Amino acid sequence: MMPRIPLPLKLLLSYLCIVTIGAGPTFVYVRAKLQTDLLAEAATKLVARGRRIAQVIGTAPPAVRLSQLQLLGQASVDRLTFLSPRGELLFDNESVDNLKLENHIGRPEVRFALGETSVEPVDFAALVHDAAGVGVARRVSETTGIDTLYVALRVTAANGELVGILRMAMPVERIHT
């Protein structure tokens, strides 16, 4: 004959089952929501920093743009990439040989920054503040192989002419720490 399980133990086990069933989905939802909010906040900060850099680069004479980018790139903890309006890589603060990297015009954040609306936005793009005309993407970098958050902004001269695309990048791992 099997021993009887005491009533307090039965109540404890049933209570633990109910709590686990209720807390499991809640934990999953909160974790996903927190991750989305963290990515949106990080993208918002990248946009703000990118706008300041884009203004400096856009108002600079063409002859000094790359030297200014080099100075800004040395001081930045983020990866800075500057592209021509056709997507050709002109500067990358983390690349030793900029000329060997391929054209970036097909990257989703660059396409979106250039106004292409057929690009599927990331799920947290609507939460990014001041993101008008900005491309936001999260993907594994083709250059570094690291899960990365990207923000691309149009850089315009004082007369409104498009002089290039500034792309800021941050490893997702850095956001979660």
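To start, this report covers the structure provided alongside it.

Reading the values: rules and limits
Residues numbered from 1 in each chain as written. Predicted model: local features only at pLDDT ≥ 70, side-chain atom pairs only at ≥ 80, totals over all residues. Heavy atoms only, no water. Phe/Tyr/Trp six-rings, centres within 6.5 Å; stacked < 30°, edge-to-face > 60°. Lys NZ or Arg CZ within 6 Å of the ring centre and 35° of its normal. Buried < 20%, exposed > 50% of the residue type's maximum accessible area, 1.4 Å probe, protein only. Helix = DSSP H or I, 4+ residues; strand = E, 2+ residues; numbered from the N terminus. Pairing = 2+ DSSP bridges. Contact = heavy atoms within 4.5 Å. Axes fitted to C-alpha atoms, helices over the stretch in contact; angles between N-to-C directions. Core = buried A, V, L, I, M, F, W, Y, C linked by side-chain atoms within 4.5 Å. Parallel < 35°, antiparallel > 145°, perpendicular 65-115°, else oblique. Left-handed = near helix turned anticlockwise from the far one by under 90°. Nonpolar A, V, L, I, M, F, W, Y, C, P; charged D, E, K, R; others polar.

### Observations concerning the packing of aromatic side chains
Scanning all chains against the criterion turns up 0 aromatic pairs. The cationic tip of Arg139 hangs over the ring face of Tyr150; the distance from NZ or CZ to the ring centre is 4.2 Å.

### What to know about the pairing of strand 4 (residues 147-156)
Burial analysis of strand 4 places 7 of its 10 residues in the buried class, which makes it a mostly covered element. The antiparallel hairpin formed by strand 3 (residues 134-140) and strand 4 contains 6 residues in its connecting segment, where Gly145 sits at a positive phi of about 75°. Here strand 4 runs beside strand 5 (residues 162-171); their pairing, made up of 9 bridges, is antiparallel. Its bridge partner lying in strand 5, Val155 is registered against Gly164. The hairpin turn running from strand 4 into strand 5, its antiparallel successor, is 5 residues long, and Gly160 in that turn takes a positive phi close to 90°.

### Considerations on the environment of Leu162
As for its placement among the helices and strands, Leu162 is situated in strand 5. Residues Leu162 and Ser84 lie 78 residues apart in sequence; the distance between their C-alpha atoms is 8.9 Å. Dropping the residues within four chain positions of it, Leu162 is found in contact with Pro85, Leu114, Arg154, Val155 and Thr156.

### Some points on the sheet that holds strand 1 (residues 79-83)
Spatially, the 5 strands line up as an open sheet ordered 2-1-5-4-3, and their pairing is antiparallel. The open sheet has two edge strands with one neighbour each: strand 2 (89-92) and strand 3. For this sheet the average axis-to-axis angle between neighbouring strands, irrespective of direction, equals 20°. Set on the sheet, helix 1 (residues 7-59) makes contact with strand 1, strand 3, strand 4 and strand 5; between it and strand 4 the angle comes to about 35°. Together, strand 1, strand 2 and strand 5 form the strand contacts of helix 2 (residues 62-75), whose direction differs from that of strand 2 by roughly 30°.

### What about the nonpolar core?
If you look at soluble globular proteins, the nonpolar side chains tend to sit buried side by side. Counting 29 residues, the largest nonpolar core has Phe124, Val136, Leu149, Val151 and Leu166 as the members making the most contacts within it. Counting residues per element, the ones that place at least two in this core are helix 1, strand 1, strand 3, strand 4, strand 5 and helix 4 (172-175). Residues contacting Val151, with those up to four places away along its chain left out, are Ala43, Leu46, Val47, Val134, Gly135, Val136, Leu166, Arg167 and Met168. One finds Leu83, Ala113, Ala152 and Ile165 within the second-largest nonpolar core, a separate group that totals 6 residues.

### Some details on the packing of helix 1 against helix 2
Relative orientation of the contacting elements helix 1 and helix 2 amounts to 155°, with a least axis distance of 9 Å. Here helix 1 is positioned roughly antiparallel relative to helix 2, judged by the angle of their axes. Where helix 1 crosses over helix 2, the handedness of that crossing is right-handed. On helix 2, the residues that touch Ile53, Val56, Ile57 and Gly58 of helix 1 are Arg65, Gln68, Leu69 and Leu72. Partitioned by chemical class, the residues of the contact of helix 1 with helix 2 number 5 nonpolar, 2 polar and 1 charged.

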